[in-house]
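# Summary of structural features
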Amino acid sequence: LTQIGIEVQSLDVTINTDKALEQLKINRQKGVSPHQSVTMSDEQVDQIVAFLETLTDPCVEDEACLAKWISDTSDPDLELLHQLDAKFR
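The shown structure was predicted, so the numbers you read here are calculated from the model rather than taken from an experiment.

## Regarding the overall build of the protein
Looking only at helices and strands, one finds 4 helices and 0 strands in the protein. Start at the N end of the protein and walk to the C end: the helices and strands fall as α-α-α-α. Looking at the protein residue by residue over its 89 residues, the buried ones come to 2%. A total of about 8,600 Å² of accessible surface is found on the protein, and carbon and sulfur atoms cover 57% of it.

The following block contains the structure:
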């Protein structure tokens, strides 16, 4: 994506979010709930659960696998990340 493309997408996100929030406000004033009841069969629930389970990376349950993604406290880049994090909080 070009920088211009990102800016346009950001504009759309802001506009669409504002519209969605305004609609939620209107619905709340009218007493319209944002929640809908959905009736699903046991098979449909099982399918959704099976799908959600595919989204969990098995690496998060394996300390040795996960370790390669966690910075060592002696890593000089870690201090830079802390500084950036503090700056943007």
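## Focus: the state of the cysteines
Scanning the entire structure with this criterion turns up 1 disulfide. Disulfide partner of C59: C65, at an S-S distance of 2.1 Å. With the S-S dihedral at roughly -115°, the linkage between C59 and C65 falls on the left-handed side. Given a relative accessible area of 9%, C59 falls into the buried group. The partly exposed category is assigned to C65, whose relative accessible area is 23%.

## Section: a nonpolar patch on the surface
Residues V38, M40, V45, I48, V49, F51, L52 and L55 make up a contiguous nonpolar surface patch of about 720 Å² in total accessible area. Relative to the elements of secondary structure, V49 occurs in helix α2 (residues 42-54).

The rules behind each value
Residues numbered from 1 in each chain as written. Predicted model: local features only at pLDDT ≥ 70, side-chain atom pairs only at ≥ 80, totals over all residues. Heavy atoms only, no water. Helix = DSSP H or I, 4+ residues; strand = E, 2+ residues; numbered from the N terminus. Buried < 20%, exposed > 50% of the residue type's maximum accessible area, 1.4 Å probe, protein only. Areas by Shrake-Rupley, 256 points an atom, 1.4 Å probe, with all protein chains shown as cover. Disulfide = S-S within 2.5 Å. Patch = residues over 30% accessible without salt bridge, like charges linked within 9 Å, V, L, I, M, F, W, Y side chains within 5 Å. Salt bridge = Lys/Arg side-chain N within 4 Å of Asp/Glu carboxyl O.

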